[in-house]
Structures are given as C-alpha cells and as structure tokens.
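# Breakdown of the fold
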Amino acid sequence: MPTRILPAVGDADAVRSLTTLLSQLPDAEPVAPVVDSTQLVDTLARLGAESVDELPEVVVVHERIGPVPALELIREVALRFPAVGVILVTSDASPGLFQAAMDHGARGLVTLPLGYEELASRVQAVAQWSAGVRRHLGSGGDVFTGVGGTVVTVSGAKGGVGATLTAVQLALAAQASGRPTALVDMDLQTGDVAAYLDVQFRRSVVDLAAINDISPRVLADAVFRHDTGLTLLLAPGEGERGEDVTDRAARQIVSALRSRYEVVVIDCGAQLGGAGAAAVEMADTALLVTTPDVIAVRGAKRAVRMWDRLQIRKAEETTVVVNRHTRSTEIQPPLIRKITGTAVAATVVPAHFRELQAVVDAGRVHELENRSAVKQALWSLAGELGLVKAAQGDRKAGRLRGDRGSVGFRRRRDSGG
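Residues numbered from 1 in each chain as written. Predicted model: local features only at pLDDT ≥ 70, side-chain atom pairs only at ≥ 80, totals over all residues. Heavy atoms only, no water.

As recorded in an unreviewed UniProt entry, the protein goes by the name AAA family ATPase, listed as coming from Streptomyces pimonensis.

### Brief notes about the side chain of R258
For R258, the location among the structural elements is in helix α9 (residues 247–258). Here the side chain of R258 touches M282 through a polar contact of 2.9 Å, landing on its backbone oxygen. (Helix = DSSP H or I, 4+ residues; strand = E, 2+ residues; numbered from the N terminus. Polar contact = N/O pair within 3.5 Å; in protein donor to acceptor, adjacent residues only side chain to side chain.)

### A word on the pattern of salt bridges
On inspection of all chains with the given rule, the structure shows twelve salt bridges. With its nearest N and O atoms 3.0 Å apart, the salt bridge here joins R248 to E72. Taken as a pair, R248 in helix α9 and E72 in helix α3 (residues 70–80) lie far apart in primary sequence, 176 residues in all. Exposure remark for E72: the relative accessible area of 9% places this residue in the buried category. Note that R364 and E367 form a salt bridge whose closest N and O atoms lie 2.6 Å from each other. E367 gets classed as partly exposed once you look at its relative accessible area, which sits at 43%. Within this structure, D198, R364 and E367 form a network of salt bridges that share partners. (Salt bridge = Lys/Arg side-chain N within 4 Å of Asp/Glu carboxyl O. Buried < 20%, exposed > 50% of the residue type's maximum accessible area, 1.4 Å probe, protein only.)

### Considerations on α9
Every α-helical turn comprises 3.6 residues, leaving residues that sit three or four positions apart pointing alike. Helix length check: α9, at twelve residues, gives a terminal C-alpha distance of 16 Å against a target of 16 Å (1.5 Å per residue), a fit within 8%. The element α9 is extensively covered by neighbouring structure, given that ten of its twelve residues are classed as buried. When α9 is considered as a whole, its buried residues turn out to be A249, A250, R251, Q252, I253, V254, S255, A256, L257 and R258. (Expected span 1.5 Å × (residues − 1).)

### Considerations on the nonpolar core
M186, V205, L233, V245, L257 and I266 are the most contacted members of the largest nonpolar core, which has 48 residues in total. Counting residues per element, the ones that place at least two in this core are β7 (181–185), α8 (216–222), α9, β10 (263–269), α10 (274–282), β11 (285–290), α11 (294–309) and β12 (318–322). Dropping the residues within four chain positions of it, L257 is found in contact with A182, V184, L219, L233 and V264. With 40 residues, the next largest nonpolar core counts L170, A176, L368 and A382 among its residues. (Core = buried A, V, L, I, M, F, W, Y, C linked by side-chain atoms within 4.5 Å. Contact = heavy atoms within 4.5 Å.)

### Some thoughts on a negative patch on the surface
Among the surface-exposed residues, D42, D308, E316 and E317 lie close enough to one another that they form a single negatively charged patch. The residue D42 is located in helix α2 (residues 37–50) in this model. (Patch = residues over 30% accessible without salt bridge, like charges linked within 9 Å, V, L, I, M, F, W, Y side chains within 5 Å. Areas by Shrake-Rupley, 256 points an atom, 1.4 Å probe, with all protein chains shown as cover. Lys, Arg positive; Asp, Glu negative; His and termini not counted. Charge placed at Lys NZ, Arg CZ, Asp CG, Glu CD.)

### Some words on the sheet that holds strand β5 (residues 108–111)
The strand order across the open sheet built from five strands is β2-β1-β3-β4-β5, with neighbouring strands paired in parallel fashion. In this open sheet, the two edge strands, each paired with only one partner strand, are β2 (28–30) and β5. Within this sheet the neighbouring strands show an average axis-to-axis angle of 25 degrees, counted without direction. As defined by bridge partners, strand β1 (residues 3–8) adjoins strand β3 (residues 58–62) across four bridges and the pair is classed as parallel. Paired with A8 across the bridge in β3 is V61. Its contacts with the sheet put α2 on β1 and β3, and the angle it makes with β1 is roughly 150 degrees. (Pairing = 2+ DSSP bridges. Axes fitted to C-alpha atoms, helices over the stretch in contact; angles between N-to-C directions.)

### Thoughts on the pairing of β11
With respect to burial, β11 is a largely interior element, six of its six residues being buried. Here β11 shows a buried face lined by T285, L287 and V289 and a second buried face lined by A286, L288 and T290. Tracing the backbone out of β11, into α11 and back to the parallel element β12 gives a crossover that is right-handed. (Right-handed = clockwise from strand over helix to strand, strands pointing away.)

What follows is the structure, encoded as structure tokens:
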C-alpha cells in the first residue's frame with residue numbers, strides 16, 4: 001500500500017525540492033503540500049473527520065513553517081492526530097534540537113540539504129510506525145482518535161461587557177446537552193470564573209505551564225470538577241503568576257484539553273497577552289463580546305484590527321456577540337458588523353441585568369433561572385454556534401437534556417432580543 005506523505009513547507013523553493021525527492025521514494029504517494037500551520041491542521045482535521053484511515057501516514061514539517069513555530073506545530077499534530085507520524089526537516093543537526101523534536105512528538109528528523117538516502121530511511125521508518133499505531137487503533141485500543149474537540153474563545157471588547165458571563169453560560173449549555181465540556185479562565189490577572197461559580201481551588205492553569213508533556217493524569221490533577229459537571233481550569237489567585245503562562249504553554253494546554261473534551265470554552269478577558277493570543281489563534285470560533293455603545297464598539301474595532309496586525313485572527317474569522325441589547329439604542333448589530341468588519345451573531349443578549357444581579361452577587365451564576373431572558377439568549381447562542389446537542393425526545397420541546405425550560409435549540413424569531 002502506498003505511503004501518503006503530506007509536506008508542510010512555506011518556502012516555494014523548498015517545496016519543489018522536497019516534493020521532487022518524495023516523488024522518487026518507492027511506494028510513496030506525496031499529496032498536495034500545505035503552506036502554513038493553519039492549513040496543515042485544517043487539512044488533517046478535515047481528513048480525520050471522515051476516518052483515521054483517511055489521514056496521511058507521514059507529515060513532513062519544514063523548520064520555517066509558520067505562523068506557529070515548527071516544534072509547537074509538531075506537538076499539536078502529535079496530540080490531535082496520534083496516528084500520523086511527523087518528520088522535521090531542519091538545518092540544525094545538533095543533539096539539543098533532536099531531543100527537543102522528540103520531546104514535542106516528532107518521529108524523525110532529516111537535515112538540510114536534503115539527501116535521498118536519509119529521507120527515504122526516515123519516511124520508511126515513520127510509515128511503519130504509523131501503520132502499527134493504526135493497527136492498534138483498529139483493535140480497540142484506548143487511544144484518542146478524534147480530530148479534537150471544538151475550542152471557543154470569548155474575549156471582551158473592553159472590561160465589563162459580559163465576556164465571563166457569556167463564557168460560563170456557553171459552557172453550561174454545552175455540558176447540559178451531554179457534551180463533556182471544559183471551561184478555562186485565561187484571563188490570567190483578573191479572571192473571575194471561580195468567583196462566578198462559587199469555587200475555591202488551589203490549582204490553576206499556572207500549574208500546567210512548566211510541564212512539557214501534559215498527560216491525562218497531570219491534567220486531571222490541575223482541573224476542578226464542578227457540581228454542574230463542568231471541568232474548570234482556573235486562573236491563578238495571584239495575578240502576577242499569570243506571566244508564567246507563555247504562548248507556548250497556552251498552546252500545549254489548549255491542545256491537551258482539546259484532545260480530552262468535546263467542547264473547550266476559554267474566557268480570554270479584555271486584555272491581550274501571549275497566552276490569550278495563542279488561544280484565539282488556535283480557536284475554531286473566536287467570539288468578541290461588546291455592548292451597543294460607542295466606547296465598547298470602538299474597543300471591538302480596535303481589538304479586531306490588532307488581531308489582524310498581529311496575524312492572530314482575521315476580521316472575517318471573528319464573531320461579535322452583542323450583549324445588553326435594546327431596541328431603542330442607536331447602535332444595532334448591522335452597524336456593528338459594518339464598523340468592525342466581522343460577522344455578528346444572530347442571537348443578541350438582552351439588557352436584563354436585574355435577572356443577573358442576585359446570582360452574580362452570590363457567585364452562583366450557574367443557578368440563573370431558566371426563564372431568564374439572558375440565559376435563554378446565551379443558550380440559544382450556544383445552539384447557533386453548534387456547541388450543544390439535543391436528545392431526540394427534547395428536540396420538539398426545544399430544551400436541553402437535564403435543564404427543563406431552556407430554549408437552547410430554538411432559533412429566535414426576534415433577533416432584537
């Protein structure tokens with residue numbers, strides 16, 4: 001059977017050199033190369049969604065791939081697609097880099113300039129390893145084979161617009177529908193998820209920052225299981241410790257969570273740091289919460305432009321959520337869409353703070369009543385984003401399993417909230 005090889009190379013000359021050599025290998029079937037890290041992960045996710053057998057046996061990653069650094073990209077591929085063997089192509093043949101590549105999940109390393117014999121030997125060895133893993137998966141081994149859970153980041157256009165409340169309710173909706181869900185507080189200096197859910201827990205996301213290989217046991221030690229069923233990974237109690245969570249650590253943490261949970265909701269707060277930027281870049285859906293006032297919408301526009309300049313996220317790949325919406329305000333969702341250049345969620349969240357005040361002050365947002373218009377809107381938003389699944393018997397009733405009266409699956413006829 002031919003060995004399918006997917007090159008991930010950004011440089012045009014390197015692409016030609018690599019694909020020429022790969023096409024000469026015996027029983028090799030090079031596929032169309034991808035030019036950056038995003039395209040590689042998207043391609044593997046699309047193929048893996050059909051079947052693990054559709055994935056290429058070997059991925060060859062060039063050292064100058066971007067925007068995600070090569071070693072971090074290798075780690076993400078190894079975590080999300082364990083049946084795919086990764087080879088790093090690099091000009092650095094030092095023992096230090098070789099060890100780092102192995103630690104990040106590479107199965108082989110080939111040095112530049114490329115030579116036929118070395119490349120053929122590495123590809124053959126990695127292809128055999130990949131075939132062995134797939135036989136193990138086919139025998140029912142307890143190995144994660146999915147393309148990874150859905151990651152949603154929730155950021156605020158500025159402080160106080162409701163990003164944390166939105167993140168919490170989206171996660172609660174996903175969990176109540178029967179999807180294992182993790183809620184992460186990546187607002188590292190001022191995170192309030194613990195306060196919103198009446199949680200006191202000594203471990204936080206910082207405890208995972210210095211760990212190179214986040215095993216299921218290590219992850220289980222760092223998270224907190226809430227009474228609602230949510231898995232929580234909290235911000236540190238001491239804000240200054242948030243500096244320990246680098247962008248590299250954040251990528252590793254998000255990848256580990258994605259491989260264990262169907263839905264991962266990340267509260268990134270209103271301030272952009274390296275960890276939050278990495279989470280937004282990796283997210284399947286990036287939400288930006290704003291209120292319909294000039295200052296907040298201006299903040300949303302500023303955030304969108306910054307994300308674009310830093311190559312974190314394009315405007316058209318960002319979805320704005322309008323919170324505290326009223327019919328009387330001059331700033332309506334179509335105008336926000338025009339100002340920011342983003343998509344705007346069809347579901348708007350009404351300005352009914354009185355419903356929230358008691359549960360927010362008590363730190364028990366999870367006990368918000370089902371008849372609350374705010375809760376209904378946010379759970380409808382979860383349905384719009386595809387974060388929830390309905391039990392067959394609940395579809396007609398328009399409610400989530402285990403939460404009588406919620407309307408998470410009915411599309412709101414009145415987008416005005």
